[in-house]
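A look at the structure
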Amino acid sequence: MSKIVEASTESIENFGSGLSHFNHNFASSGLFTDEKLAELIERYPREYYMLNTMTAQGDKPEWRSGEINNISGDKVLQALTDGRIWLALRRFDVVCPEYDDLVHQAFSEMEDLKPGLKTFNHKSTMLISSPGARVLYHADIPYVCLFHVRGRKKLWLYDAENKSHLPDKTLEGVILRETEEEIGYDEAWDKEASAVVLEPGKALSWQLNAPHRVDNLDGLNVSITTDYFTPYAQKKYGVYYANGVARRKFGMTPKSTNVDGLGAYAKCAAALAFKKTGIMKSSEREMISTFRLDPNDIGKIVDIPNQERTVIEQL
Ligand SMILES: [Fe+2]
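Now for a quick tour of the structure.

Another point: the side chain of Thr53. Of note, Thr53 is situated in strand 3 (residues 49–54). Assessed through its relative accessible area of 11%, Thr53 is described here as buried. Here Arg84 takes part through its backbone oxygen, which lies 3.0 Å from a polar atom of the side chain of Thr53. Aside from chain neighbours lying at most four places away, what touches Thr53 is Glu62, Trp63, Arg64, Arg84, Phe291 and Ile301.

Structure follows, in structure tokens:
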């Protein structure tokens, strides 16, 4: 395949640190047609997909997980087009390496364009979501690059350094995986946010841990979202992990979130040791299926009765 990425000098410069907006041509691979996506959905094992629905704007934020319920791929796409649902297909490395190849080529082109850029631990997910779906205000652990392929969506981005929007304790909770995706949000913050409309063929990456939320605007939305680390992201992860454990298990109030220097290295080593002991394992969140797609009314969902709800095993 010819070149995948086309980026301005400024976007190349900011990739892997700040806000970077560039073009990609994933769609020309032919892997994103209805037919290909339906086929892909049908071959996804339960442990590698997540199906979600979310409350409407203005309602109490709630994010629910559900089951495809053995519905055929084309019907699932129909449900995604007609409903308010969000499907995430994870682990390309296991299920669909042909999609992973596109992402790897895009990253290697960005690394060629920006000497010194080093990215690793790429983990990609296909996101297929309804025209009216949204993703609530949240922060991700690694850097994220969103390759948008079909439909239009609006991404609201907030400053990662603003500690009233993202207090240290909250970011620690995200990194320790103890909170649900949602974190505290106030509409008034939108005044200071940057809003970016994503059209097909656009890719976007942003500041590490910057809180964001997404409103789909129109059309069935199809994107690939890729998590990635840089050496800086890895160190910040270690610092917040260690601070989080110190606060929760040893009653300390961590003073420094500095990612440079010896203290940060010590914290990264401590974080690795804490992770090995599994000290925080019991506070990691669990996902429970509370709905399934309705096979008789495509686009609608049916509640799973309380006694039949199960924990979703994700590998
Ligand atoms: Fe995100």
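Listing the buried residues of helix 3 (residues 73–82) in full gives Gly73, Val76, Leu77, Ala79 and Leu80. Burial along helix 3 is one-sided: seen end-on, the buried residues are contained in an arc of 155°. Those residues of helix 3 that are buried lie in contact with helix 2 (34–42), strand 5 (85–89), strand 6 (120–129), strand 11 (212–229) and strand 12 (289–293).

Right, let's talk about the pairing of strand 10 (residues 202–205) for a bit. Here 4 bridges tie strand 2 (residues 20–24) to strand 10, and the two strands are oriented antiparallel to one another. Bridged to Asn23 within strand 10 is Lys202.

A few words now on the coordination of the iron ion. Protein-derived ligands of the iron ion are His138 (NE2), Asp140 (OD) and His212 (NE2), with the metal-ligand distances lying across 2.1 to 2.2 Å. When the donor residues of the iron ion are listed from N- to C-terminus, their spacing reads H-x1-D-x71-H. His138 gets classed as buried once you look at its relative accessible area, which sits at 6%.

With that settled, the discussion passes to the nonpolar core. Residues Phe26, Phe32, Met126, Ile128 and Phe147 are the most contacted members of the largest nonpolar core, which totals 73 residues. Ranked by residue count, the leading element in this core is helix 7 (residues 231–249), at 7 residues. Those residues within four positions of Phe147 in sequence are excluded, and the remaining contacts are Phe22, His24, Phe26, Val103, Ala106, Phe107, Lys202, Ala203, Ser223, Ile224 and Thr226. Within the second largest apolar cluster, 19 residues are counted, among which are Trp63, Ala133, Leu155 and Val196.

What follows concerns the packing of aromatic side chains. Summed over all chains, the structure comprises 18 aromatic pairs. Taken together, the ring pairs connect Phe15, Phe22, Phe26, Phe32, Phe92, Tyr99, Phe107, Tyr143, Phe147 and Tyr228 into an aromatic cluster. Sitting over the face of the ring of Tyr49, Arg46 holds its NZ or CZ atom 3.9 Å from the ring centroid.

Taken as a whole and assessed by the stated rule, the structure comprises 13 salt bridges. Salt-bridge contacts for Arg91 lead to Asp93; the nearest nitrogen and oxygen are separated by 2.9 Å. Judged by relative accessible area, which is 46%, Asp93 ranks as partly exposed. Measuring nitrogen to oxygen at the nearest pair gives 2.7 Å for the salt bridge that ties Glu172 to Arg247. Of the two residues, Glu172 sits in helix 6 (residues 168–175) while Arg247 sits in helix 7, which places them 75 residues apart along the sequence. Since its relative accessible area comes to 21%, Arg247 is described here as partly exposed.

What counts and what doesn't
- Residues numbered from 1 in each chain as written.
- Predicted model: local features only at pLDDT ≥ 70, side-chain atom pairs only at ≥ 80, totals over all residues.
- Heavy atoms only, no water.
- Helix = DSSP H or I, 4+ residues; strand = E, 2+ residues; numbered from the N terminus.
- Buried < 20%, exposed > 50% of the residue type's maximum accessible area, 1.4 Å probe, protein only.
- Polar contact = N/O pair within 3.5 Å; in protein donor to acceptor, adjacent residues only side chain to side chain.
- Contact = heavy atoms within 4.5 Å.
- Arc of directions from axis to C-beta.
- Pairing = 2+ DSSP bridges.
- Donors = N, O, S within 2.8 Å, 3.2 Å for Na, K, Ca; no water.
- Core = buried A, V, L, I, M, F, W, Y, C linked by side-chain atoms within 4.5 Å.
- Phe/Tyr/Trp six-rings, centres within 6.5 Å; stacked < 30°, edge-to-face > 60°.
- Lys NZ or Arg CZ within 6 Å of the ring centre and 35° of its normal.
- Salt bridge = Lys/Arg side-chain N within 4 Å of Asp/Glu carboxyl O.

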